[in-house]
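Understanding the architecture of this molecule
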Amino acid sequence: MKRSMTSLLVRAAVGGILASAAGAASAADIVRHSLGPNNNFPIARAVQVPAGKTIFFHSGTTPAPLDPKATPGSPEYWGDTKTQALSVFARLKESLTSLGLDFKDTVAMTVYLVGDPAKGGKMDFEGFMAAYTQYYGTKEQPNLPARSTVQVASLVAPGMLVEIEIQLAK
Amino acid sequence: MKRSMTSLLVRAAVGGILASAAGAASAADIVRHSLGPNNNFPIARAVQVPAGKTIFFHSGTTPAPLDPKATPGSPEYWGDTKTQALSVFARLKESLTSLGLDFKDTVAMTVYLVGDPAKGGKMDFEGFMAAYTQYYGTKEQPNLPARSTVQVASLVAPGMLVEIEIQLAK
Amino acid sequence: MKRSMTSLLVRAAVGGILASAAGAASAADIVRHSLGPNNNFPIARAVQVPAGKTIFFHSGTTPAPLDPKATPGSPEYWGDTKTQALSVFARLKESLTSLGLDFKDTVAMTVYLVGDPAKGGKMDFEGFMAAYTQYYGTKEQPNLPARSTVQVASLVAPGMLVEIEIQLAK
């Protein structure tokens, strides 16, 4: 009887301490640092991922053809930058859902854009942003990732203008 | 005697709980999510790295010259995309071995290819894949990384066509 | 009295074990693996981040204009590669300070350079290195990151030649 009481005490004490440690761990939230008071561009300056989180490395995602019957590689086949970016985000949404994740869990993003022939060979940054802002920095989904955006020479298929890579944490 | 028994009980209880916690941690394995049932392209859609793993950030690795006596920057000096990629993977193998790692520990990869003059200035994606598939998605090494592949304008040395960056976890 | 003594014993035992676990965690330091005995290029071959660290994903950082009164996009507006890289590092320093971080905490870096018209359209790697080596591999700050450097087609603004993305851990 004495022993079992001691044992209960031990369990209670240990359980209490471990529970509080676990509480502290889950309390250590992901922190998104803003660009600053005078800059409301919808990306985070930095995202801080505390120990104890699961990190997901997602492959670069490219768009589905807009019109698979058009000439492969043509603008009709792939659509413009905004259209392609929307297709990428739709594909990402499906992927994230199947992983038990959501856009809000994104901590970092690398955007690879290809110069758009219809824009004199420059990347259509505004077209990309028009798609991006439907998924990040909205009322429903205010979480912003750290992000880099660069114009590359080409992606894996001719006419493909958008590839997006993300890392997530939960 | 009573005290020492209590103390033993405490140690047993605490040790048991901590051991089971540690067991749970090591049981949380890295998960590689496939592209889907109808897609056997040899990359992972996403790789999930649970808390408790050590993450390795490896520098971008470039090839060794194929023929150091050839004119620097010439195709003879560096070799084609497949040759350069094989050189990069050979260098990576040596590096990973010295770190106590292996290709199977790769969780993410970024592939930077330069347009091959012999391919009309387009990146030789097939040449790269011919090298990649010797190291990833084989019977001996089935683990696939999340991956992005882009064609950049240039790498650090003229004629260099392949740079590969990887992240690993163990 | 017996109970409280047991309780104290329990706390002491549990506290001791947890403290030693915490000690072990903080003792697991970030390890920077060098390129090798015959290579003193100032980057790490790989950086090893043990479990228990907080990871920071920092957005790609671009320079401030050198002369905001010059024609936007002109070389006078942005300055050359070294000038732009120094501006990026100055901005990063400010950002890291506000995050309670320093350059020494950098574990990985991706450098995106644009071909410099004054260098025949090639990236000015030496110009970038002249800025980089003021912040990494110095006596005061010897910590080196894993790094990849590529020449991209363009960055978000015309004339911008340097974007630097870093990941940090602490």
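Residues numbered from 1 in each chain as written. Chains lettered and ligands numbered in written order. Predicted model: local features only at pLDDT ≥ 70, side-chain atom pairs only at ≥ 80, totals over all residues. Heavy atoms only, no water.

On to the overall build of chain A. When helices and strands are tallied, chain A shows four helices and six strands. Along chain A, helices (α) and strands (β) appear in the sequence α-β-β-β-α-α-β-α-β-β when read from the amino end. Residues classed as buried in chain A amount to 52% of the 170 residues present. For chain A, the accessible area works out to roughly 7700 Å², and carbon and sulfur atoms hold 57% of it. (Helix = DSSP H or I, 4+ residues; strand = E, 2+ residues; numbered from the N terminus. Buried < 20%, exposed > 50% of the residue type's maximum accessible area, 1.4 Å probe, protein only. Areas by Shrake-Rupley, 256 points an atom, 1.4 Å probe, with all protein chains shown as cover.)

In this section: the packing of aromatic side chains. The full count for this structure, using the stated rule, is 33 aromatic pairs over all chains. When the ring of Tyr-77 of chain B is compared with that of Trp-78 of chain B, the centres are 4.9 Å apart and the planes differ by 90°; the resulting orientation is edge-to-face. In this pair, the class of Tyr-77 of chain B matches that of Trp-78 of chain B, namely buried. Arranged with centres 6.3 Å apart and planes meeting at 35°, the rings of Phe-89 of chain B and Phe-128 of chain B form a pair that is tilted. With a gap of 39 residues between them, Phe-89 of chain B in helix H3 (residues 81–98) and Phe-128 of chain B in helix H4 (residues 125–132) connect regions that are remote in the sequence. Neither Phe-89 of chain B nor Phe-128 of chain B differs from the other in exposure class; each is buried. Pairwise contacts between aromatic rings join Phe-89, Phe-103, Phe-128, Tyr-132, Tyr-135 and Tyr-136 of chain A into one cluster. (Phe/Tyr/Trp six-rings, centres within 6.5 Å; stacked < 30°, edge-to-face > 60°.)

Moving on, we come to the nonpolar core. If you look at the biggest cluster of nonpolar residues, it comprises 141 residues, and the most contacted ones within it are Phe-89 and Phe-128 of chain A, Phe-89 and Phe-128 of chain B together with Phe-89 and Phe-128 of chain C. Excluding residues within four positions of it along the chain, Phe-128 of chain A makes contact with Thr-81, Ala-85, Phe-89, Met-109, Val-111, Leu-113, Arg-147 and Ile-164 of chain A. (Core = buried A, V, L, I, M, F, W, Y, C linked by side-chain atoms within 4.5 Å. Contact = heavy atoms within 4.5 Å.)

Right, let's talk about the packing of H3 of chain B against H4 of chain B for a bit. Residues and elements named next belong to chain B. For the pair H3 and H4, interaxial distance at closest approach is 8 Å and the crossing angle is 35°. When you trace H3 past H4, the crossing you get is right-handed. Only Gly-127, Phe-128, Ala-130, Ala-131 and Tyr-132 of H4 make contact with H3, whose side of the interface consists of Thr-81, Lys-82, Ala-85, Leu-86 and Phe-89. Residues that form the contact of H3 with H4 fall into these classes: seven nonpolar, two polar and one charged. (Axes fitted to C-alpha atoms, helices over the stretch in contact; angles between N-to-C directions. Left-handed = near helix turned anticlockwise from the far one by under 90°. Nonpolar A, V, L, I, M, F, W, Y, C, P; charged D, E, K, R; others polar.)

This part covers the confidence of the model for chain A. Residue and element names in this part refer to chain A. Chain-level statistics for chain A give a pLDDT mean of 89 and a share of 84% at 70 or above. In the predicted structure, residues 1–26 sits below a pLDDT of 50 and forms 23 contacts with residues beyond four places in sequence or in another chain. The ipTM value of the predicted complex is 0.85, and its pTM value is 0.86. (pLDDT = per-residue confidence, 0-100.)

This next bit is on the pattern of salt bridges. Pairing is possible between side chains of opposite charge, provided their charged atoms come close. Taken as a whole and judged by the stated rule, the model has three salt bridges over all chains. As a salt-bridge pair, Lys-104 of chain A and Asp-105 of chain A come within 3.6 Å of each other at their nearest N and O atoms. (Salt bridge = Lys/Arg side-chain N within 4 Å of Asp/Glu carboxyl O.)

Let's shift gears to the sheet that holds strand E6 (residues 162–169) of chain B. Hydrogen bonds between backbone groups are what pair the strands of a sheet, and the pairing can be parallel or antiparallel. Ordered in space as E5(B)-E4(B)-E6(B)-E3(B)-E2(C)-E1(C), the six strands form an open sheet in which the pairing is mixed. Of all the strands in the sheet, the pair left with one neighbour each is strand E5 (146–152) of chain B together with strand E1 (31–33) of chain C. Across the sheet, the axes of successive neighbouring strands diverge by a mean angle of 15°, strand direction being ignored. The sheet contact formed by strand E3 (residues 55–58) of chain B and strand E2 (residues 46–49) of chain C spans four bridges and is antiparallel. Within the sheet, the bridge partner assigned to His-58 of chain B lies in E2 of chain C and is Ala-46 of chain C. On top of the sheet, H3 of chain B reaches E3, strand E4 (106–114) and E6 of chain B; it is set at about 30° to E6 of chain B, its chief contact. (Pairing = 2+ DSSP bridges.)

All right, on to the sheet that holds strand E1 (residues 31–33) of chain A then. Here we have six strands laid out as an open sheet, ordered E1(A)-E2(A)-E3(C)-E6(C)-E4(C)-E5(C), and mixed in their pairing. Strands at the two margins of the open sheet, each flanked by one partner only, are E1 of chain A together with strand E5 (146–152) of chain C. The mean angle between the axes of side-by-side strands here comes to 15°, regardless of whether they run parallel or antiparallel. Across the sheet, helix H3 (residues 81–98) of chain C is in contact with strand E3 (55–58), strand E4 (106–114) and strand E6 (162–169) of chain C; its angle to E6 of chain C comes to roughly 30°.

What follows concerns the pairing of E5 of chain C. All names here are of chain C. For E5, a buried count of seven out of seven residues is recorded, marking the element as mostly surrounded by other parts of the structure. Where burial is concerned, the two faces of E5 agree: the one with Ala-146, Ser-148, Val-150 and Val-152 and the one with Arg-147, Thr-149 and Gln-151 are both buried. With seven bridges joining them, E4 and E5 adopt parallel strand pairing. Paired with Met-109 across the two strands is Arg-147, which belongs to E5.

This part takes up the environment of Gly-120 of chain A. Note that Gly-120 of chain A resides in the loop between strand E4 (106–114) and helix H4 (125–132). Sequence-wise, Gly-120 of chain A and Thr-133 of chain A are 13 residues apart; in three dimensions their C-alpha atoms are separated by 24 Å.

Moving on: the environment of Val-114 of chain C. Residue and element names in this part refer to chain C. The residue Val-114 is located in strand E4 in this model. Spatially, the C-alpha atoms of Val-114 and Met-160 are 7.3 Å apart, while their sequence positions differ by 46 residues. The residues contacting Val-114, other than those within four sequence positions of it, are Met-123, Gln-151, Val-152, Ala-153, Ser-154, Leu-155, Met-160 and Leu-161.

Turning to helix H3 (residues 81–98) of chain A, a few remarks are in order. Residue and element names in this part refer to chain A. Helix length check: H3, at 18 residues, gives a terminal C-alpha distance of 26 Å against a target of 26 Å (1.5 Å per residue), a fit within 8%. Of all the positions in H3, only Thr-81, Gln-84, Ala-85, Ser-87, Val-88, Phe-89, Leu-92, Ser-95 and Leu-96 are classed as buried. Of the surrounding elements, those touching the buried residues of H3 are strand E3 (55–58), helix H2 (75–78), E4, H4 and strand E6 (162–169). (Expected span 1.5 Å × (residues − 1).)

Of the surrounding secondary structure, the elements contacted by the buried residues of H3 of chain C are E3, helix H2 (75–78), E4, helix H4 (125–132) and E6 of chain C. Looking one or two residues past H3 of chain C, Gly-100 of chain C carries a phi angle of roughly 75°, positive in sign.

Turning next to the side chain of His-33 of chain A. Structurally, His-33 of chain A is set in strand E1. A distance of 2.7 Å separates the side chain of His-33 of chain A from the side chain of Gln-48 of chain A, its partner in a polar contact. Setting aside chain neighbours within four positions, we find His-33 of chain A in contact with Ala-44, Arg-45, Ala-46 and Gln-48 of chain A together with Leu-99 of chain C. (Polar contact = N/O pair within 3.5 Å; in protein donor to acceptor, adjacent residues only side chain to side chain.)

Let us look at the environment of Glu-163 of chain C. Residue position: Glu-163 of chain C is located in strand E6. For Glu-163 of chain C and Pro-63 of chain C, which are 100 residues apart along the polypeptide, the C-alpha to C-alpha distance reads 7.5 Å.

Moving on to the side chain of Thr-110 of chain A. Its place among the elements puts Thr-110 of chain A in strand E4. In this structure Thr-110 of chain A comes out as buried when scored by relative accessible area, which is 5%. Apart from residues lying up to four places away in sequence, Thr-110 of chain A is in contact with Ser-148, Glu-163, Ile-164 and Glu-165 of chain A together with Tyr-112 and Glu-165 of chain C.

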